[in-house]
Amino acid sequence: MGRLDARPRHTRVVEPVSEVVMRAQDVHKRFGKLEVLKGVSLEVTKGETVCIIGPSGSGKTTFLRCINHLEKIDAGRIEVNGRLIGYRERNGKLVEDSERNIARQRRHIGMVFQRFNLFPHKTALENVSEGPVHVLGIPKEDAIDKARVLLSRVGLGDKLDSYPGKLSGGQQQRVAIARALAMEPSLILFDEATSALDPEAIGDVLFVMGELAHEGMTMIVVTHEMGFAREAADRVVMMDDGLIIEEGTPEHFFVEPRHHRTKLFLSKIL
Amino acid sequence: MHALVAIDWHVIWLRIFHPNGVFARALWATVYISVVAQFAGVLLGLLAALARMSGFAPFRWASAVYVWVFRGTPVLVQIFYIYFAFSWPTLHFGFWTVTDAAVAATVALSINEGAYMREIIRAGIDAIDRGQMEAAKSIGMTYGQAMRRIILPQAARVIVPPLGNEFNNMMKTTSLAYTIGVYELFADAEQGYSRTFVADYFLAAAFWYLVLTTLWTLVQARLERRLAVSERGDELSFRERLYLAWNPWAAWMRGPATRGWWSR
């Protein structure tokens, strides 16, 4: 596998119309007395890769989990593909949606977790085809064929029948990416996807993520990998203490950040 | 000491090698009561476990009361109450008749078993990482789908070893059904004894209980092996398990990791 920065950025396929895939407006979230999100607003357009950075405890992961309603929100609204996530409007108020509807919406939102969360009782191939067969109802043979293609794409064509327990961390995370891709989502959320990996595996996983970004997948990436943010992101968002404090292109971000807390954070991490 | 020296081998021989039709029916009663009661107990336990984890408070309370009552009172009391408080039908399946007492005993043992199974099943589900549910939801599964396809198959591996113990217990506990007049293995032995005052009828009954529990041990080993599919390669084979189960010294020599789930 090559290095990420070997790929020139200007070859990216640019969508002609900017179409909003995810829109978050003034999202608030509290765990008991602790307010984790204090009014987060963000728009992500089709084909865009947005990296969310910030110190731990700043609410990045919580915000990401709100986008596919793994966490309920206390105020504000989140839309994906123009549809409200997790809630329904009734008489101008938001009420939580039915479980079935929430599950239906999650089909369009892939998620890759820090700790992979592969299904240990299923092979790599079964992990990837599980969703298409049992959620989308695609015929098993077709789903298996597709899963095979996806696994080869992430460089695991020779591990189809391996159980997750027999795979390294980097391999497991690539299976997890293939599992998310198999649902053909319109948006993929990456929750610190490389934090639990060793340096070599990080490179492999970031390479796959870079390819996806390059091919025009819409991605929201919570990461501590500044190299990836610099190379693959269209936009970088800095969160601190439950708020987005700065937002801009990677060029802006890594060359001349405005906010002093961004400067402080980057000076610590770079 | 007298009884030890004077085993009536004739009785034992007859009971083991020449079981008559009456005895066969008694043995069958023990088998079907324990199988049906265990099966129903697992289903009840699963329902109660899901109710316990439910977001709907009355379900949680019902589950708690159920376990509180049925674990807190003697099985024998439950069997008597359930038999005498309700009227139970006698079931006929061709030449096989299930008496009302056998139905009542099966129901009582099922409900009692469910209370114990709830804790076992809940512990099994709790042992599965929360990330599994989240991953299942993230590919669009509903709670029910995630439970059925992702959580329970994994929990089964944690549940089967204690479930095996429960079933082993169940086969022996069915002897309590004798007290409400079910003609099962123990009742048959008791009949033999009261006819002849030869205590060895009980010894023969013990032999048959041992046969049942031993057979179950073998089935369980096979079941556990099938469920350990994701770890295939470092699991013991069925034959190795049998060998180790019957040869404690060999098991000891092979070290703690291979001695079986009870020592892990």
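First, a word on scope: everything that follows refers to the structure included in this document. (Residues numbered from 1 in each chain as written. Chains lettered and ligands numbered in written order. Predicted model: local features only at pLDDT ≥ 70, side-chain atom pairs only at ≥ 80, totals over all residues. Heavy atoms only, no water.)

**Remarks on the overall build of chain A**
Phase 1: Along chain A, the regular secondary structure elements total nine helices and 12 strands.
Phase 2: By its C-alpha atoms, chain A is 50 × 50 × 40 Å across when sized along the principal axes.
Phase 3: Residues classed as buried in chain A amount to 54% of the 270 residues present.
Phase 4: A sequence separation of at least 24 residues applies to 66% of the contacts in chain A between residues at least 6 apart.
Phase 5: Accessible surface, chain A as shown: approximately 12300 Å² in total, 48% of it carbon and sulfur.
Phase 6: On chain A, the mean spot of the 38 positive side-chain charges and the mean spot of the 38 negative ones are 5 Å from each other. (Helix = DSSP H or I, 4+ residues; strand = E, 2+ residues; numbered from the N terminus. Buried < 20%, exposed > 50% of the residue type's maximum accessible area, 1.4 Å probe, protein only. Contact = heavy atoms within 4.5 Å. Areas by Shrake-Rupley, 256 points an atom, 1.4 Å probe, with all protein chains shown as cover. Lys, Arg positive; Asp, Glu negative; His and termini not counted. Charge placed at Lys NZ, Arg CZ, Asp CG, Glu CD.)

**Considering the side chain of B:Gln154**
Phase 1: Position of B:Gln154 among the secondary structure elements: in helix H8 (residues 143-173).
Phase 2: Among all residues touching B:Gln154, those that are not within four sequence positions of it are A:Pro120, A:His121, B:Ile128 and B:Gln132.

**A look at the packing of helix H3 (residues 21-52) of chain B against helix H10 (residues 200-227) of chain B**
Residue and element names in this part refer to chain B.
Phase 1: Where H3 contacts H10, the axes come no closer than 12 Å and their chain directions differ by 45°. As judged from the angle between their axes, H3 and H10 are oblique. H10 is crossed by H3, and the crossing has right-handed handedness. Contacts from Phe23, Leu27, Thr30 and Val31 of H3 reach H10 at Trp208, Tyr209 and Leu212. (Axes fitted to C-alpha atoms, helices over the stretch in contact; angles between N-to-C directions. Parallel < 35°, antiparallel > 145°, perpendicular 65-115°, else oblique. Left-handed = near helix turned anticlockwise from the far one by under 90°.)

**With respect to the sheet that holds strand E3 (residues 49-53) of chain A**
Two pairing modes exist for strands in a sheet, parallel and antiparallel, and in both the strands are linked by backbone hydrogen bonds.
Residues and elements named next belong to chain A.
Phase 1: The six strands lie next to each other as E8-E9-E10-E3-E11-E12, forming an open sheet whose pairing is mixed. Across the chains shown, the open sheet's two edge strands, defined by having one partner strand only, are strand E8 (109-112) and strand E12 (243-248). Taking each pair of neighbouring strands and ignoring which way they run, the sheet shows an average axis angle of 20°.
Phase 2: Pairing between E8 and strand E9 (residues 187-191): four bridges, direction parallel. Considered in E9, the bridge of Gly110 is made with Ile188.
Phase 3: Lying on the sheet, helix H5 (residues 169-182) is in contact with E8 and E9; it crosses E8 at an angle near 175°.
Phase 4: Packed onto the sheet, helix H6 (residues 199-214) meets E3, E9 and strand E10 (219-222) and runs at close to 150° relative to E10. (Pairing = 2+ DSSP bridges.)

**Considerations on the state of the cysteines**
Phase 1: Summed over all chains, the structure comprises zero disulfides over all chains.
Phase 2: Free of any disulfide, A:Cys66 has its nearest cysteine sulfur in A:Cys51, 19 Å distant. (Disulfide = S-S within 2.5 Å.)

**Structural notes on the sheet that holds strand E4 (residues 75-80) of chain A**
All names here are of chain A.
Phase 1: Spatial ordering of the open sheet is given by E2-E1-E4-E5, a layout of four strands whose pairing is antiparallel. The outermost strands of the open sheet, each flanked by one partner alone, are strand E2 (34-45) and strand E5 (83-84).
Phase 2: In terms of strand pairing, E4 meets E5 through two bridges, oriented antiparallel. Following the sheet pairing, Val80 is matched in E5 by Arg83.

**Focus on the nonpolar core**
Phase 1: Ranked by internal contacts, the top residues of the largest apolar core, which has 51 residues, are A:Met22, A:Phe63, A:Ile67, A:Leu187, A:Leu189 and A:Ile220.
Phase 2: Of all the elements, H8(B) adds the most residues to this core, at seven residues.
Phase 3: Non-local contacts of A:Leu187, meaning those with residues more than four positions away in its chain, are made with A:Val21, A:Met22, A:Ile67, A:Val80, A:His108, A:Ile109, A:Gly110, A:Thr218, A:Met219 and A:Ile220.
Phase 4: A:Leu118, A:Ala180, A:Ile202 and A:Ala233 belong to the second largest nonpolar core, which has 50 residues in total. (Core = buried A, V, L, I, M, F, W, Y, C linked by side-chain atoms within 4.5 Å.)

**Side note on a nonpolar patch on the surface**
All names here are of chain B.
Phase 1: A contiguous nonpolar patch, built from Trp13, Leu14 and Phe17 and spanning about 340 Å² of accessible area, is present on the exposed surface.
Phase 2: Tracing the sequence through the fold places Leu14 in helix H2 (residues 9-17).
Phase 3: Assessed through its relative accessible area of 34%, Leu14 is described here as partly exposed. (Patch = residues over 30% accessible without salt bridge, like charges linked within 9 Å, V, L, I, M, F, W, Y side chains within 5 Å. Salt bridge = Lys/Arg side-chain N within 4 Å of Asp/Glu carboxyl O.)

Keep in mind that these numbers describe shape and distance, not what the molecule does.
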